[in-house]
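The residues making up each chain are set out below.
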Amino acid sequence: MPIRSSSARWEGNLTEGSGTVKTGKGGLQGAYSFKSRFEEGEGTNPEELIAAAHAGCYSMAFSKGLADAGFTPTSVETVAKVHLDKNDAGFGVTRIDLETVGDVPGIDDAKFQELAESAKENCPISRLLKPGAEISLVAKLA
């Protein structure tokens, strides 16, 4: 399996500086700053990138689980909301809320929920993040 990489460059101090992040093959690139991370400033931030990775991983894992169970999805769309909170230990990602909608012909809601939960537990990014963050899931059929 290939090794994936991304890079970041930061210039200046924490609150007034700025930086750029870039995925290894250049598919995604964006500016980030203190304001884009801790306020509502322009640009991206590490938590958005984690959310994108989790949403993408989950959607693929769920699609595979559906197909393995005999249901070919027309689409799976997932939003991941990463919560960055401050506690006594400092800042940390404490929770990720996954919200997914699947257009899956021929499946009933019980089977859909079972497979959605399995994907939440087993996608590689969920397994990576689960020890430090609570992961919730709301799954709906389109």
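Residues numbered from 1 in each chain as written. Predicted model: local features only at pLDDT ≥ 70, side-chain atom pairs only at ≥ 80, totals over all residues. Heavy atoms only, no water.

Asks: Looking at this structure, I do not really get the nonpolar core. What am I missing?
Replies: Proteins that are soluble and globular tend to have nonpolar side chains buried together. Tyr58, Phe62, Leu66, Ile96, Leu98 and Ile107 are the most contacted members of the largest nonpolar core, which totals 24 residues. Contributing elements (two or more residues each) for this core: helix 2 (46-68), strand 4 (75-87), strand 5 (90-103), helix 3 (109-122) and strand 6 (134-141). Element by element, the count of residues in this core is highest for helix 2, at six residues. Discounting residues that sit within four places of it in the chain, leucine 98 has contacts with His54, Tyr58, Thr78, Val79, Ala80, Lys120, Ile135, Ser136, Leu137 and Val138. (Core = buried A, V, L, I, M, F, W, Y, C linked by side-chain atoms within 4.5 Å. Buried < 20%, exposed > 50% of the residue type's maximum accessible area, 1.4 Å probe, protein only. Helix = DSSP H or I, 4+ residues; strand = E, 2+ residues; numbered from the N terminus. Contact = heavy atoms within 4.5 Å.)

Asks: Mind showing me how you'd approach the domain arrangement of the protein chain here?
Replies: Note: interface size is frequently given as the accessible area lost on complex formation between the parts. You can read the domains of the protein chain as domain 1 (7-38) and domain 2 (46-141). A straight line from the C-alpha centre of domain 1 to that of domain 2 covers 26 Å. Domain 1 puts four residues into the contact, and the matching count from domain 2 is five residues. For the pair domain 1 and domain 2, the summed buried surface comes to about 390 Å²; carbon and sulfur atoms form 77% of the total. (Domains from an automatic or database assignment. Buried area = accessible area lost by both parts, 1.4 Å probe.)

Asks: Would you mind showing me how to read the side chain of serine 59 here?
Replies: Inspection of the secondary structure puts serine 59 in helix 2. Judged by its relative accessible area of 13%, serine 59 is buried. At 2.8 Å, the side chain of serine 59 and the side chain of threonine 78 are in polar contact. Discounting chain neighbours no more than four positions away, the residues touching serine 59 are Val76, Glu77 and Thr78. (Polar contact = N/O pair within 3.5 Å; in protein donor to acceptor, adjacent residues only side chain to side chain.)

Asks: I'm lost on helix 2 in this one. Help?
Replies: For an α-helix the count is 3.6 residues per turn, leaving residues at separations of three or four pointing the same way. For helix 2, which comprises 23 residues, the first-to-last C-alpha distance of 33 Å matches the rise-based estimate of 33 Å (1.5 Å per residue) to within 8%. Here helix 2 has its buried residues at Glu47, Ala51, His54, Ala55, Cys57, Tyr58, Ser59, Phe62 and Leu66. Looking at the packing, one finds that the buried side of helix 2 touches helix 1 (34-38), strand 4, strand 5, helix 3, helix 4 (124-129) and strand 6. Where helix 2 begins, one side-chain oxygen reaches toward the backbone nitrogen of glutamate 47, 3.1 Å away; that side chain belongs to asparagine 45. The positive-phi residue at the C-terminal boundary of helix 2 is glycine 70, with phi of around 95°. (Expected span 1.5 Å × (residues − 1).)

Asks: Is there a simple way to think about the sheet that holds strand 6 in this case?
Replies: The strands making up a sheet associate through hydrogen bonds between their backbones, and the pairing can be parallel or antiparallel. Reading across from one edge, 4-5-6 is the order of the three strands in this open sheet, with mixed pairing throughout. Each end of this open sheet is capped by a strand with a single partner; those strands are strand 4 and strand 6. Averaged over all pairs of adjacent strands, the angle between their axes in this sheet comes to 15°, without regard to strand direction. By the bridge criterion, eight bridges tie strand 5 to strand 6 in an arrangement that is parallel. Bridge pairing links isoleucine 96 to isoleucine 135 in strand 6. The strands that helix 2 touches are strand 4, strand 5 and strand 6; relative to strand 4, the one it contacts most, it runs at about 145°. Against the sheet, helix 3 contacts strand 5 and strand 6, and its axis sits at roughly 150° relative to strand 6. (Pairing = 2+ DSSP bridges. Axes fitted to C-alpha atoms, helices over the stretch in contact; angles between N-to-C directions.)

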